[in-house]
Amino acid sequence: MSKKDTLYKAVGDPVKPFEFNQRVAEVFPDMIERSVPGYPLTIAMLGVIASEYAQQYSNIYDLGCSLGAASEAIQQGLTIKECNIIAIDNSQAMIDSCRKTASQAEQKNKINFELGDVLQTKIENASLVVMNFTLQFIPVDKRDSLIKKIYQGLLPGGIFILSEKIVFDDDAENNTMSELHLHMKEMNGYDLLEIANKRDALEKVLIPETISTHLQRLNKAGFSKAFVWLKCFNFVSFIAIK
Ligand code: GEK
């Protein structure tokens, strides 16, 4: 069971920029479930997607794996055995925690947890690449080349799942979705001060883009088809097919 996230109840002034450190890793499952609308459904459906698209003798990548929830869903959903699941994160605390938990379970299609920067990681022989709420933390000027690298590392028929927080061009839509997100957090037990502190901490760290910016980037990288398969308020998941 994950510890309850109370990290932003009392913080210094000004609030420090958000980091994926040990304190965050300890509360991460609670934090992400109470903060990201649709997160449990996104994770659960990755198992379905993996079972449909994973190809034998291929690699599956989970880029920015945190505690490995996406990799675990993929591992459980796989109906073939000969896949190599590679889960990468550049947070030492996250990877240490993954390795501790994973060593307890003996599973088909082992997950290889790697400490590394997704900007430096080689992507090859991939039938499925998942980037679940991680591109938003990558500097905007590095995103095009990263998506292109993912496209190039995919096999024909391979797919890329990209989940992100988004913004909208339309002010009314933006305000409505942001309000609903904020209300969800309140209903999940965060108080207004905690929500405001976390927003300050994430301000220059998490940079969301619009749906059309993401789709244009996916098309420009070469994907033959790219569309939204899940959306909940201001969070969305895309499927892009090579
Ligand atoms: C999930 N996918 O549970 N290289 C590697 N990892 C990175 C980088 C980078 N350059 N930048 C950030 N990260 C997970 C949730 S969380 C999303 C992903 C969130 C890692 C960072 O350390 C963190 O673990 C993860 O990306 C983002 O499905 O907290 O909103």
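As a reminder, the structure under discussion sits directly above these lines.
Described below are features of the structure shown in this document. Just so it is clear, the structure is predicted and the values come from calculations on it, not from any experiment.

## Looking at the nonpolar core
Formed by 40 residues in total, the largest nonpolar core has its most connected members in Leu46, Ile60, Ile74, Leu78, Leu128 and Ile161. No other element matches the six residues that helix H1 (residues 22-35) contributes to this core. Every residue in contact with Ile161, bar those within four places of it in the chain, is listed here: Leu46, Ile49, Leu128, Val129, Val130, Met131, Trp229, Ser237, Phe238 and Ile239.

## Brief notes about the packing of aromatic side chains
Here the structure, examined in full by the defined rule, presents four aromatic pairs. In this structure, Arg34 packs its charged tip against the face of Tyr190, placed 4.0 Å from the ring centre.

## Looking at the site of the ligand
Lining the immediate environment of the ligand, one finds 21 residues, of which Tyr39, Gly64, Ser66, Asp89 and Asp117 sit closest. Contacts to the ligand include Asp117, whose side-chain N or O atom sits 2.9 Å from a nitrogen atom. Within the backbone of Val118, an N or O atom sits 2.9 Å from a nitrogen atom of the ligand. Elements with a minimum of two residues in the shell around the ligand: H1 and helix H2 (39-53). In terms of residue class, the shell around the ligand is built from 11 nonpolar, eight polar and two charged.

## Some remarks on unusual backbone geometry
A positive phi angle, close to 50 degrees, is found at Asn125, a residue other than glycine. Mapped onto the elements of the fold, Asn125 is located in the loop between strand S3 (111-115) and strand S4 (126-132). The partly exposed category is assigned to Asn125, whose relative accessible area is 35%. Non-glycine residue Phe133 carries a positive phi angle of around 60 degrees.

## A closer look at the pattern of salt bridges
Applying the stated criterion to the full structure yields seven salt bridges. Its salt-bridge partner being Arg34, residue Asp30 comes within 3.0 Å of it at the nearest N-O pair. Of this pair, Asp30 and Arg34 both sit in helix H1, four residues apart, which is roughly one turn of the helix. The pair formed by Asp30 and Arg34 is uniform in burial state, with each residue classed as buried. In this structure, Lys220 and Asp144 form a salt bridge, with 3.0 Å as the shortest nitrogen-oxygen distance. Taken together, the residues span a long stretch of sequence, with Lys220 in helix H8 (residues 211-221) and Asp144 in helix H5 (residues 140-153) at a distance of 76 residues. Look at Asp144 and you get partly exposed, because its relative accessible area is 34%. Each of Arg143, Asp144, Glu209, Arg217 and Lys220 takes part in one network of salt bridges that share partners.

## So, the environment of Ile207
Counting through the fold element by element, Ile207 comes out in the loop between helix H7 (192-202) and H8. Judged by its relative accessible area of 32%, Ile207 falls in the partly exposed class. Excluding its chain neighbours within four sequence positions, the residues that come into contact with Ile207 are Gln136, Val140 and Arg143.

## Focus on the sheet that holds S3
Across the sheet, seven strands lie side by side as S3-S2-S1-S4-S5-S7-S6; this open sheet has mixed pairing. Strands at the two margins of the open sheet, each flanked by one partner only, are S3 and strand S6 (225-232). Averaged over all neighbouring strand pairs, the angle between strand axes comes to 15 degrees, with direction disregarded. In the sheet, S4 pairs with strand S5 (residues 154-165) via six bridges, with the strands oriented parallel. Bridge pairing in S5 places Ala126 opposite Leu154. Lying over the sheet, H5 contacts strand S1 (59-63), S4 and S5, oriented at roughly 150 degrees with respect to S5.

Scoring rules and cut-offs
Residues numbered from 1 in each chain as written. Predicted model: local features only at pLDDT ≥ 70, side-chain atom pairs only at ≥ 80, totals over all residues. Heavy atoms only, no water. Core = buried A, V, L, I, M, F, W, Y, C linked by side-chain atoms within 4.5 Å. Buried < 20%, exposed > 50% of the residue type's maximum accessible area, 1.4 Å probe, protein only. Helix = DSSP H or I, 4+ residues; strand = E, 2+ residues; numbered from the N terminus. Contact = heavy atoms within 4.5 Å. Phe/Tyr/Trp six-rings, centres within 6.5 Å; stacked < 30°, edge-to-face > 60°. Lys NZ or Arg CZ within 6 Å of the ring centre and 35° of its normal. Near = heavy atom within 4 Å. Polar contact = N/O pair within 3.5 Å; in protein donor to acceptor, adjacent residues only side chain to side chain. Nonpolar A, V, L, I, M, F, W, Y, C, P; charged D, E, K, R; others polar. Salt bridge = Lys/Arg side-chain N within 4 Å of Asp/Glu carboxyl O. Pairing = 2+ DSSP bridges. Axes fitted to C-alpha atoms, helices over the stretch in contact; angles between N-to-C directions.

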